[in-house]
Number of protein chains: 2
Amino acid sequence: MADFRVFSVVLTVCIVCVLVECKYMVYNTSQGIVPGKLNVHMVPHTHDDVGWLKTIDQYYVGSNNSIQAACVQNVLDSLIPALLADKNRKFIYVEQAFFQRWWRDQSEAMKKTVVTLVSSGQLEFINGGMCMHDEAATHYIDMIDQTTLGHRFIKEEFNVIPRIGWQIDPFGHSAVQAYLLGAEVGFDALYFARIDYQDRAKRRDEKKLEVVWQGSKSRGSSSQIFAGAFYEGYYEPPAGFYFEVNDDSPVVQDDINLFDYNVEERVNAFVAAAFSQANVTRSNHIMWTMGTDFKYQYAETWFRNMDKLIHYVNQDGRVNALYSTPSIYTDAKNALNESWPLKSDDYFPYADRINAYWTGYFTSRPALKGYVRTMSGYYLAARQLELFKGRNKSGPTTDTLADALAIAQHHDAVTGTEKQHVADDYAKRLSIGYQESEDVVAASLGCLTQSSLPSECKNPITKFNQANPRHLPFYLVLTLLSRNTWNSKYTNLGISCLQLSGVEKNICRENSCEHLLLSFTVIELNSFGLFYEILFIHIYSCTSGFVLVFNENVTVTDSTGKVIFSQLTPIVNASIAKRKFYATAHMGESPSASPMYWLAFTAVVPPLGFSTYVIASASASIKPMSYTFDGSQNGAIQIGPGNLKLIYSANDGKLTQYINSRSLVNVSVDQSYSYYAGDARGDDLQASGAYVFRPNGTFAIQPEGKIPLTVFRGPLFDEVHQMINSWIYQVGPIPIDDGVGKEIVTQIKSNIGNNKIFYTDSNGRDFLERIRDYRADWDLQVNQPIAGNYYPINLGIYIKDKNTELSVLVDRSVGGSSIADGEIQGKYYLRFDPLGEGSKWRRSFGQEIYSPFLLAFTEQDDKWTNFQVPTFSAMDPSYSLPDNVAIITLQELEDGTVLLRLAHLYEVGEDKDLSVMATVELKRVFPNKKINTIKETSLSANQEREEMEKKRLSWKVEGSNTKQDTDLRGGPVDPVKLVVELAPMEIRTFIINFNSNLVK
Amino acid sequence: MADFRVFSVVLTVCIVCVLVECKYMVYNTSQGIVPGKLNVHMVPHTHDDVGWLKTIDQYYVGSNNSIQAACVQNVLDSLIPALLADKNRKFIYVEQAFFQRWWRDQSEAMKKTVVTLVSSGQLEFINGGMCMHDEAATHYIDMIDQTTLGHRFIKEEFNVIPRIGWQIDPFGHSAVQAYLLGAEVGFDALYFARIDYQDRAKRRDEKKLEVVWQGSKSRGSSSQIFAGAFYEGYYEPPAGFYFEVNDDSPVVQDDINLFDYNVEERVNAFVAAAFSQANVTRSNHIMWTMGTDFKYQYAETWFRNMDKLIHYVNQDGRVNALYSTPSIYTDAKNALNESWPLKSDDYFPYADRINAYWTGYFTSRPALKGYVRTMSGYYLAARQLELFKGRNKSGPTTDTLADALAIAQHHDAVTGTEKQHVADDYAKRLSIGYQESEDVVAASLGCLTQSSLPSECKNPITKFNQANPRHLPFYLVLTLLSRNTWNSKYTNLGISCLQLSGVEKNICRENSCEHLLLSFTVIELNSFGLFYEILFIHIYSCTSGFVLVFNENVTVTDSTGKVIFSQLTPIVNASIAKRKFYATAHMGESPSASPMYWLAFTAVVPPLGFSTYVIASASASIKPMSYTFDGSQNGAIQIGPGNLKLIYSANDGKLTQYINSRSLVNVSVDQSYSYYAGDARGDDLQASGAYVFRPNGTFAIQPEGKIPLTVFRGPLFDEVHQMINSWIYQVGPIPIDDGVGKEIVTQIKSNIGNNKIFYTDSNGRDFLERIRDYRADWDLQVNQPIAGNYYPINLGIYIKDKNTELSVLVDRSVGGSSIADGEIQGKYYLRFDPLGEGSKWRRSFGQEIYSPFLLAFTEQDDKWTNFQVPTFSAMDPSYSLPDNVAIITLQELEDGTVLLRLAHLYEVGEDKDLSVMATVELKRVFPNKKINTIKETSLSANQEREEMEKKRLSWKVEGSNTKQDTDLRGGPVDPVKLVVELAPMEIRTFIINFNSNLVK
């Protein structure tokens, strides 16, 4: 070991390094469209779910990031400086629920900046509703309402009108979306991502991803819209061009002073991805969706890289890259003046790959689905009452409910695909909105029941709140919800609305049943335009105490003081036990009392008006006779007090026959229960769950022994109770201890020979023909004979043969099918009609289900015993709307004008009498008011109809040279006559300026 | 089943919702310090490692995010708008290597904005070096150089001077950091996080986390600095106040229109965390480090939440929260005028918890550590040559090497704690920097060897490159590196510099040994200020072809043409085989030729000058005699041709005795090998690895049979070769097939009774006393008797008893200890001296190791055969620097001024002759130049020394009332006499303005 060694050697290292002077780099991003080149339209966007794994507010502020790292505030905060940094940069923003939250937080200076960016087109609002609503589990009225809310905000704040539909995430696409929420709101195109994988493959092969889609048979070519399905079935950038902060696509490294310079590689990858997409796309324009869920947390990361790509790709010259928007892309497609394939019907059901049919969500979270629908109908009525009293700018208003309902239409809200705490959040918002609307309703009714409008009626809420109404306690909702879910197919009961915070729970307990007084008054509002007689109303009380006070004997008197027929039906033990179970689970303690009876009576209410009924103790009340059949008897049991009879077999308790002695329908019926076991196999496919329905076998539910049958017979109705097994009575919590997810189904079998054909509605509007195991657009490969034949239902489903129609209507969105001829797998309201007569019931009763009577209660004290105005109608008493028209919106807007929507309820050819042009006389609808001006608008009320029609792009359809059926709509409204014509399926939207208050 | 049921019920939901008008919220963030309250100084910061899991460039541009999501460009890009949004917001930025990358990319407008932010104090540069250098594996000259690079940039671009040291991540803290890179650069405080967990616990208990730290005994109170160790041992915010984009601390939700409002909860948590920290901190000022590694990817996320916290916490009033910086915090502490505890020595070693001593990294990646040190010495010399020729603004310059060396000082670079590909990156940068510097050297030598300076010598590089020098091929580095790692303790060889890309490899192959010509000239540059005689120089050739040309017979002639003694020593097969192994592994093919001999001769080179020697074929060359002892012999083998003798036992081949006949030292010595097995137990502790040294037992390495001993005896030196076993010869790849990580150690045992005391250097500067199993500041609980006694070594380690000193010097940073009395576990250069005489060797030879001769080669062709100037010195030939002074920097700056640093090499009392005031006569150092002005500056040359001293805060020390020993430094430099005085351990930095070119 020598101790002195010093050395150094001249080393040669052999690295080529080009050093240049460093300069500030300015990228050329000004490129527009270049004819003759392949144009890559880069559309910077973020897709911000209005609730999903987190609540909307959590997404907005970026809390709960351990669940999902997402903060919409970041997106918008960081976007503005990024857009300001280069005037060529563009961005589209979609979900107005988020945008409005952000807008409220901004300074005036920032607002001005944003207005400038919107005016210049750098920031463009696309779609423009509060949320990107679902298209399967939504009702068309809700879709219109939530879109209107967003569109009117955009119009008011920015004076712009969204041009493009952008439904990139919903799980399949409806005909109503295409024509009502597309063509009728004035959109020039509709883009989406999710269509069946078999369909997409064929459309790619044939370059038919982009089509002209006609959503309604009845509305003809006016219901056409240019519609593009995305290349890959998603809405992300091509792989490797994903530039979110902290993500790992290779960034464009163009600084030759640093290592890993990669411009050439990135440009080559870009060009290759562009050509790959161009290969299956018509014309030399392709769209790249530069973003995905909750991206642009720090917007600069995307723009920094897109700037470079545009610069270097265009330097390269093989393709042309540009900042673009769906509008620019659409205009480019339109300018080609080409013809496009025609698409009819819809894009349901959606499977993203083999065995993965996204039909499970049609029935996920039925409780929430029901709550949404209930609130939706309430909102329709509450807005009318708000109008009748006059909108109160300082509150309360129906706006909170409007907002809650709007976001509940989101494709992870009413769909049931959200997490439990998020479902709770939607329900909580609905509850809050409901509570405020209830104050509006109470105030309005308080005014309307006075003969002369008291001055305090402009804001009577304080007084009203003290005296009236003594509401039924909250946990009655339970009964409502659980009762309504009993025969739906679901895996998760999810009664979200009861999960309230500690404080709220305490308040609830204080306001419990014990405080209810001896007697009360019911006010029923008919919000529906039709004057009709409601057959049954159930009022259910919640405390035995209450019932004891009535001594089980109740009388109901109408506003003339006449006692009317009423009926008390016992609430069976199974219902009471279930109610107690949920109340205890959610309130933390057992309820102090239980309801014992249902009170039923027949009410008559004028259109756009109300009636009052007084319920009081009496010496005697009519109670139904109770009969129990335990299977030891033979023969038939006939149920039903009127024309309609259901025949049960006394021996096995089964329904066997349906007889309507008036319509002369007599059909054999069999009802049974079964369940689908969820397929949770650990392969690479999605297991059956909230999204995907993937049954692994159908299992009949065998009754546990004989089915005892209990019948309550009364003067108004008969009620049948059957307990199939310990967990099917009204379907209770489904046992999952065996590890098998179960989708419970009830099947109605009849002898109708429907030859694989059945009909389901599109968002409660048009009915579409469905054929089992068949698709019109491609040769279906059947790998899921059940899940692949399920369709969304919002109004109903029916089958028919040469003689008879079997209809089922629903009170919330569900899924349904006809798996075998003669069978319907569906829900709720069942009816057989002679062929051709079913549509009347489906349309009119369907509308009643959506918009039932609104009930209000008050104690019967001195003040309120006798209302000065016990019954009321806003309409001319001698007038009612025609049977084929409904008022679907009647609402005072913030500026005092009134928004009116009239909807024709029938399709062309649907009913021999009602599928015709209808007329509405506005002078008789509003007899006490003078209509100063009336302006027809787009469906979302953000532009004049005439302007909209002038602006809309027209598209040529392959093989169709002439524009057909252009006169399928009512004519202009004469400002003097004020008569509105409505063609079948037409919806017309008006903004009316009255010259003074509407009522009195 | 009744088919007609329509109902709706008025539901009461009981939620309190306060709706207010929404307004743009302006947060009050203007709060300053409030006396009498607990002030929480929130310091927004990011800690950006200059390479670690990714390379510096990958961190900067944000590529390779799959390894680690980090992009410094995001930090700085997003920071500026965030600061502009509120003038009260503040931020500190630290790592200039990143900042400079960013600065180069900015527009002039942005630069102006940033200048404004810096001027206003919103953006403050803290620490200010190119990186946050390590403090264990770094040499003080490298620390100074990298800090100077950053500080001068900041001064030039922003005209500001960093005030605070900020070493928050390095793994333990050195005395040199505190006084040289703290006090001497003018810092008012130094903050850091990582100190021993036992130490921290005690300091918390006693409120002694903040101290006055005196880093040098020799430099007295002028080496004191206020030093704060952080509360938790990390540099993050308190738990729950971590607001990085996408992170999951609860954000402050203060919008009462949204759910989850949490202001009260957040304020309470803030106050609780503040009081908890105040509890262990003196005074009512505490600092919160609001950030950590690579945070502020989107800066607004932090500021948005801090704005709210400051607003609401101050509204609450229990504590006072403010935006602050370490400067503001330091001023607040200083204003209290309190006395602080005194801390001496250093904060090594660092354990963050039981059994987790971060002493493993002292020896991780020894190849990189060696390469850094080699390049560091080369850089010192190359800068001198650059000055002698005149700096060429258009390049090449030594700047690239300066930059590469600067970032290599990072605490995840030279430490070896980085990933392999990152180690490769550092090595690649060094290679590139070296290559460019070599061009500088070649150009300078080309000029200096001409008798009259040719005009092209301002930029002679083109010509010079063609003719000269024909470098030794790159893979010779291998030999250098592997040779130098042979006896170091390491787990990962990591010869990074060879992992070049495909293109580079090809170039390397083209430039292979076959092209070497027949004879060549060696130019040796002595960059060291001392005139000294170098004892041995090894030149190793790489091709057998080369050697064959010389016919194994070589003569060496000096510049006078005189043949001097030289010696060819065979390169043993083990070395050749190892060289071949690595060359093949890294180059992809076997090298075409192998070296066969070492050529050694004695060279004499004047200070700041060079000598030339010509090597040529000759008829005969002196070759050493080879003797092999296979263990069959008995008796002693004496090695060494001069005064120094090593005695080996012929019987077992072991070293037994060290005899210096001149100094009369004669000691018994035993050398052995063993290894520590790494403890990789799966408990919650960190396994032994790059960071932590956690041995699980010491295992002696038994020789495989007898140790054959081969001795080459020659006229200049003897060389001993021993093969201990198949993998210890020169320690080659360590077998890890058995799954046990091994730390290889060689132990030197002597009979010195050092009584647990040993001495190790602080960054190659002051020696600190170490006592085994003892800490001065707390009662050490010994749980790792080996790892816990390891200290970093950059210069050397020694022990002593009453008679003798045993010194070991090293050629790169390592770790060392004295685990048992008489033992040193360390590396490389070994010497025994009589007591009191060791320091001369340690200091002077230590400096030679750091800064060895620089060698340059050229073919001996007509043009270069006889240099016009074959030997040169910039100094007055009759003058040399005193033995206790070294020129550690001599460099032309960009503006043409010259930076000179002189260092006194001895501590007070270290050597009886040399620990005295030294003087340097600048007129004789620069005899041909007139010094126009000379300005003494801070150590980092960014401010005048006098100004710095005036500004620096003074701190009172507990128990010390008077300022001691203030005159421990040389006096001012008289501008006429130009004599510089240097006190022991003093370093003085000057900027000199010469009035014309320095040379000739």
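Only a predicted model underlies this, so the values are computations on that prediction, with no experimental measurement involved.

The rules behind each value
Residue numbers run consecutively from 1 along every chain, following the written order of its sequence. By the order in which they are written, chains take letters starting at A while ligands take numbers starting at 1. pLDDT decides what is reported in this predicted model: residues at 70 or higher carry local features, side-chain atom pairs at 80 or more are listed and counted, and totals for whole chains, interfaces and linings draw on all residues regardless. The side-chain quantities take in all heavy atoms of the structure and omit both hydrogens and water. Pairing between strands is defined by DSSP: at least two bridges between the two strands are required. Secondary structure elements follow DSSP: runs of H or I of four or more residues count as helices, runs of E of two or more count as strands, with numbering from the N terminus. Aromatic pairs are defined between Phe, Tyr and Trp rings, using the six-membered ring for Trp, whenever the two ring centres lie within 6.5 Å; interplanar angles under 30 degrees are classed as stacked, those over 60 as edge-to-face, and all others as tilted. Counted as over-ring charges are cases with an Arg CZ or a Lys NZ within 6 Å of the ring centre that also lie within 35 degrees of the ring normal. Here, nonpolar core means buried Ala, Val, Leu, Ile, Met, Phe, Trp, Tyr and Cys residues that are tied together by side-chain atoms lying within 4.5 Å of each other. Any residue under 20% of the maximum accessible area for its type is buried, any over 50% is exposed, and the rest in between are partly exposed; the area is computed with a 1.4 Å probe on protein chains only. Residues are treated as being in contact if the distance between any of their heavy atoms lies within 4.5 Å. A pair is scored as a salt bridge if a Lys or Arg side-chain nitrogen falls within 4 Å of a carboxyl oxygen belonging to Asp or Glu.

Participant: Could you clarify how one ought to interpret the sheet that holds strand E7 (residues 224-229) of chain B in this entry?
Facilitator: Sheets are built from strands that pair by backbone hydrogen bonding, the pairs being arranged parallel or antiparallel. All names here are of chain B. The sheet built from 5 strands is open, its strands ordered E4-E5-E7-E6-E11 with mixed pairing. Whereas interior strands pair on both sides, the edge strands pair on one side only; in this sheet they are strand E4 (164-167) and strand E11 (342-343). In this structure, strand E6 (residues 210-214) lies alongside E7, joined through 5 bridges in antiparallel fashion. Within E7, the residue paired with Glu210 across the bridge is Gly228.

Participant: Can you help me understand the packing of aromatic side chains in this one?
Facilitator: Here the distance between the centres and the angle between the planes together describe a pair of aromatic rings. For the structure on display, the rule yields 93 aromatic pairs over all chains. Between A:Arg842 and the ring centre of A:Phe767, over which it is positioned, the NZ or CZ distance is 5.6 Å.

Participant: Would you explain the nonpolar core in this entry?
Facilitator: Counting residues in hydrophobic clusters, the biggest one holds 173 residues, and the most contacted among them are B:Phe99, B:Phe270, B:Phe303, B:Val920 and B:Leu922. With 11 residues, helix H11 (residues 366-389) of chain B is the largest single contributor of residues to this core. In contact with B:Val920, not counting residues within four places along its chain, are B:Tyr879, B:Leu881, B:Pro882, B:Val885, B:Leu902, B:Val925, B:Leu978, B:Val979, B:Val980 and B:Leu982. The next biggest cluster of nonpolar side chains, apart from the first, holds 170 residues, and it includes A:Trp52, A:Leu387, A:Tyr791 and A:Val885.

Participant: Help me out: how do you make sense of the pattern of salt bridges in this one?
Facilitator: Pairing between side chains of opposite charge can happen when the charged atoms of each approach one another. A full pass over the atoms with the stated rule returns 92 salt bridges over all chains. Two residues, B:Glu907 and B:Arg843, come together in a salt bridge whose shortest N-O distance is 3.1 Å. Placement of the pair is B:Glu907 in the loop between strand E39 (898-904) and strand E40 (918-921) and B:Arg843 in helix H19 (residues 838-850), with a sequence separation of 64 residues. When sorted by exposure, B:Glu907 lands in the same class as B:Arg843, which is buried. In this structure, B:Arg969 engages B:Glu986 in a salt bridge whose closest nitrogen and oxygen atoms are separated by 2.7 Å. Of this pair, B:Arg969 sits in the loop between strand E42 (956-957) and strand E43 (979-982) while B:Glu986 sits in the loop between E43 and strand E44 (987-994), placing them 17 residues apart in sequence. Of the residues examined, B:Glu986 reaches a relative accessible area of 1% and is grouped as buried. Look at the salt bridges and you will find they share partners, linking A:Asp199, A:Arg203, A:Lys343, A:Asp345 and A:Asp777 into a network.

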